[in-house]
Amino acid sequence: MERTFLMIKPDAVQRNLVGEIISRVERKGLKLVAGKLMSVPKSLAEEHYGEHKDKPFYNSLIDFITSAPVFAMVVEAEDAVSISRHIIGTTNPAEAAPGTIRGDLGLTVGRNIIHGSDSVESAKKEINLWFKEDELADYEGNSENWLYE
Ligand code: IDP
Ligand code: MG
């Protein structure tokens, strides 16, 4: 089993899409391991988006992520990282496929609804950055036999 980090961004929280998005994640079969609504300290936003420090959109991205609460989550599944990225859709919602979270719910790259870790390595890093060990629930899902052969 693999874990990944998802973060419903301030635009989606403000547009009351948290339930819609969690519902999509659950229906896909991803198991919820942790979740919390939180305001993001600037230092956390900067560390999370450190790889984009030199990009022209960096400052507005940090302003955006710290502008209103986010809903942070950890989910688990076989291939959780790539499956999550698949249901999230490509970075620009204007080009993301219909049926994906960004493709169905967003319009522009600067307001693209949700973050998902892009590799197993960054998932580990991001889960550690956003959650304490005792916030992660270790439990057996009861539909595994019907999700996996
Ligand atoms: P990802 O979220 O699909 O992994 P990244 O390229 O890692 O996309 O970019 C991180 C975030 O930075 C995006 O989700 C989006 O919020 C923001 N971003 C990326 N490119 C642009 C841009 O060209 N303009 C404004 N914001 C951008
Ligand atoms: Mg990324």
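Every value quoted in this text rests on a predicted model; they were computed, and no experiment measured them.

A closer look at the overall build of the protein chain
Here is step 1: Secondary structure summary: the protein chain contains 8 helices and 4 strands in total.
Here is step 2: Written out in order from the N terminus, the α and β elements of the protein chain read β-α-α-β-α-α-β-α-α-β-α-α.
Here is step 3: For a compact globule of 149 residues, the expected C-alpha radius of gyration is about 15 Å, and the protein chain comes in at 15 Å, within 12% of that figure.
Here is step 4: Residues classed as buried in the protein chain amount to 47% of the 149 residues present.
Here is step 5: The contacts of the protein chain with a sequence gap of at least 6 include a subset with a gap of at least 24, amounting to 76%.

Regarding the pattern of salt bridges
Here is step 1: On inspection of all chains with the given rule, the structure shows 7 salt bridges.
Here is step 2: Among the ionic pairs, R3 bridges to E76, the shortest N-O distance being 2.7 Å. With R3 in strand β1 (residues 2–8) and E76 in strand β3 (residues 70–77), this pair connects stretches of sequence that are 73 residues apart.
Here is step 3: You can call R3 partly exposed: its relative accessible area is 23%.
Here is step 4: Taking the relative accessible area as the measure of exposure, E76 reaches 12% and is therefore buried.
Here is step 5: Look at the salt bridges and you will find they share partners, linking R3, K31, E76 and D138 into a network.

Describing the UniProt feature "binding site: ATP" (unreviewed entry) in the protein chain
Here is step 1: Those places that UniProt annotates as "binding site: ATP" (unreviewed entry) correspond, in this numbering, to K9, F57, R85, T91, R102 and N112. The annotated residues that sit in the lining of the largest pocket are K9, F57, R85, T91, R102 and N112.
Here is step 2: Note on placement: N112 falls in the loop between α6 (101–105) and β4 (114–116).
Here is step 3: On the basis of relative accessibility, which here comes to 4%, the residue N112 falls in the buried class.
Here is step 4: Not counting residues up to four positions away in its chain, the partners in contact with N112 are K9, D11, T91, P93 and R102.

Re the pairing of β1
Here is step 1: A large share of β1 lies buried, amounting to 6 of its 7 residues.
Here is step 2: Across 7 bridges, β1 lies against β3 in antiparallel orientation. When the sheet's bridge partners are listed, R3 is paired in β3 with E76.

Re the sheet that holds β1
Here is step 1: Taken in spatial order, the 4 strands of this open sheet run β2-β3-β1-β4, and their pairing is antiparallel. Of all strands in the sheet, those with a lone pairing partner are β2 (31–38) and β4, marking the two edges. Direction aside, the axes of adjacent strands within the sheet are offset by 15° on average.
Here is step 2: Here helix α7 (residues 120–130) sits on the sheet in contact with β1, β2, β3 and β4, set at roughly 60° to β1.

What counts and how
Residues numbered from 1 in each chain as written. Chains lettered and ligands numbered in written order. Predicted model: local features only at pLDDT ≥ 70, side-chain atom pairs only at ≥ 80, totals over all residues. Heavy atoms only, no water. Helix = DSSP H or I, 4+ residues; strand = E, 2+ residues; numbered from the N terminus. Rg over C-alpha atoms; globule rule 2.2 N^0.38 Å. Buried < 20%, exposed > 50% of the residue type's maximum accessible area, 1.4 Å probe, protein only. Contact = heavy atoms within 4.5 Å. Salt bridge = Lys/Arg side-chain N within 4 Å of Asp/Glu carboxyl O. UniProt positions renumbered as here; feature names shortened; annotations may be inferred. 1 Å grid on protein atoms, 1.4 Å probe; cavity = no way out; pocket = protein on both sides within 12 Å on 5 of 7 lines; lining within 4 Å. Pairing = 2+ DSSP bridges. Axes fitted to C-alpha atoms, helices over the stretch in contact; angles between N-to-C directions.

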